[in-house]
Amino acid sequence: AQSVTQLDSHVSVSEGTPVLLRCNYSSSYSPSLFWYVQHPNKGLQLLLKYTSAATLVKGINGFEAEFKKSETSFHLTKPSAHMSDAAEYFCVVSGKTSYDKVIFGPGTSLSVIP
Amino acid sequence: DAGVTQSPTHLIKTRGQQVTLRCSPKSGHDTVSWYQQALGQGPQFIFQYYEEEERQRGNFPDRFSGHQFPNYSSELNVNALLLGDSALYLCASSLIGTDGYTFGSGTRLTVV
């Protein structure tokens, strides 16, 4: 069975400061991991994904995430927050193929203070 | 290159009615998955269609049914609507055997 925990339901940062959104997963096999962003009244946009290549994954808009198997974590970071980063972020776990279910975390709402 | 297209974008229905939502997958994709996202929650997997058959199903009642057509497009049907069915319904397409998913912008269903 697979599951995802996002440790913070809401994170607030000042513009220009680092962002850290935490995600822990549980999987009975080697998973694929994703981060998606959802702006208000919009669909889901893929930020980045890990599929067992490099453990440090770089995504769009300056985001990156590090896969740590020993900690079963896949935290999302960005060195400097921008106002446009304010959105809902979802950590997602899946198997390696689309035969496998895609499990979403509950989401973390990111606020960026000017 | 068109992404995933969902229609309609918004819909209001009365409790007890039936609704059909539609999804056209990204060009080159053959698999469609449906998700329900209630307000303030993450998307919940409803079911997945491939080769016109339901391949996987999440924890949703039989009131939720679907269909996939030969051109890979898909419909989600919900019967006997409840107030709790009010949500954003997301469609995601993919190519079977890969892990690349493309999501549509969703259909916002309101049941009154």
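Here goes a summary of the coordinates provided. (Residues numbered from 1 in each chain as written. Chains lettered and ligands numbered in written order. Predicted model: local features only at pLDDT ≥ 70, side-chain atom pairs only at ≥ 80, totals over all residues. Heavy atoms only, no water.)

A few words now on the state of the cysteines. Overall, the coordinates contain two disulfides over all chains when judged by the stated rule. With a sulfur-sulfur separation of 2.0 Å, A:Cys23 is cross-linked through a disulfide to A:Cys91. One quick way to see it: the torsion about the S-S bond of A:Cys23 and A:Cys91 is about -65°, and its sign makes the bridge left-handed. Residue A:Cys23 is found in strand S4 (residues 23-26), and its partner A:Cys91 is found in strand S10 (residues 87-94); the two are separated by 68 residues along the sequence. The pair A:Cys23 / A:Cys91 is uniform in exposure class, with both members buried. Between B:Cys23 and B:Cys91 runs a disulfide, and the two sulfur atoms are separated by 1.8 Å. Note on the B:Cys23 and B:Cys91 pair: the S-S dihedral is about -60°, so by sign convention the disulfide is left-handed. Within this pair, whereas B:Cys23 is found in strand S3 (residues 19-24), its partner B:Cys91 is found in strand S9 (residues 87-94), the two being separated by 68 residues in sequence. Just as B:Cys23 is buried, B:Cys91 falls in that class too. (Disulfide = S-S within 2.5 Å. Helix = DSSP H or I, 4+ residues; strand = E, 2+ residues; numbered from the N terminus. Buried < 20%, exposed > 50% of the residue type's maximum accessible area, 1.4 Å probe, protein only.)

In this section: unusual backbone geometry. That bond from B:Ser7 to B:Pro8 is cis: its omega, -10°, falls within 30 degrees of zero. Following the sequence through the fold, B:Pro8 ends up in the loop between strand S1 (5-7) and strand S2 (10-13). For A:Thr72, which is not a glycine, the phi torsion comes out positive at approximately 45°. Following the sequence through the fold, A:Thr72 ends up in the loop between strand S8 (64-68) and strand S9 (73-78). A positive phi angle, close to 65°, is found at B:Glu52, a residue other than glycine.

This paragraph deals with the nonpolar core. Residues A:Trp35, A:Leu48, A:Phe74, A:Leu76 and A:Tyr89 are the most contacted members of the largest nonpolar core, which totals 26 residues. Setting aside residues up to four positions removed in sequence, A:Tyr89 forms contacts with A:Gln6, A:Leu21, A:Trp35, A:Tyr36, A:Val37, A:Leu47, A:Phe63, A:Leu76, A:Gly107, A:Thr108 and A:Leu110. Among the nonpolar cores identified, the runner-up in size contains 20 residues, and B:Val4, B:Val32, B:Trp34 and B:Leu76 belong to it. (Core = buried A, V, L, I, M, F, W, Y, C linked by side-chain atoms within 4.5 Å. Contact = heavy atoms within 4.5 Å.)

All names here are of chain B. Taken together, four strands build an open sheet; the order of strands is S1-S3-S8-S7 and the sheet is antiparallel. Every other strand in the sheet has two partners, leaving S1 and strand S7 (64-68) as the edge strands with one partner each. Adjacent strand axes in the sheet meet at a mean angle of 20° when their direction is disregarded. (Pairing = 2+ DSSP bridges. Axes fitted to C-alpha atoms, helices over the stretch in contact; angles between N-to-C directions.)

On to the interface of chain B and chain A. The interface of chain B with chain A comprises 24 residues on the first partner and 23 residues on the second. Buried area between chain B and chain A, both sides added, is near 1,700 Å², and the carbon and sulfur share of it is 51%. At the surface where chain B touches chain A, the tally comes to zero salt bridges. Here chain B and chain A share one residue pair in polar contact (both at pLDDT 80 or more) between them. Within the residue set of the side of chain B that touches chain A, elements represented by two or more residues are strand S4 (31-37), strand S5 (44-50), strand S6 (53-57) and S9 of chain B. Here the side of chain B that touches chain A is built from residues that sort into nine nonpolar, 12 polar and three charged. (Buried area = accessible area lost by both parts, 1.4 Å probe. Salt bridge = Lys/Arg side-chain N within 4 Å of Asp/Glu carboxyl O. Polar contact = N/O pair within 3.5 Å; in protein donor to acceptor, adjacent residues only side chain to side chain. Nonpolar A, V, L, I, M, F, W, Y, C, P; charged D, E, K, R; others polar.)

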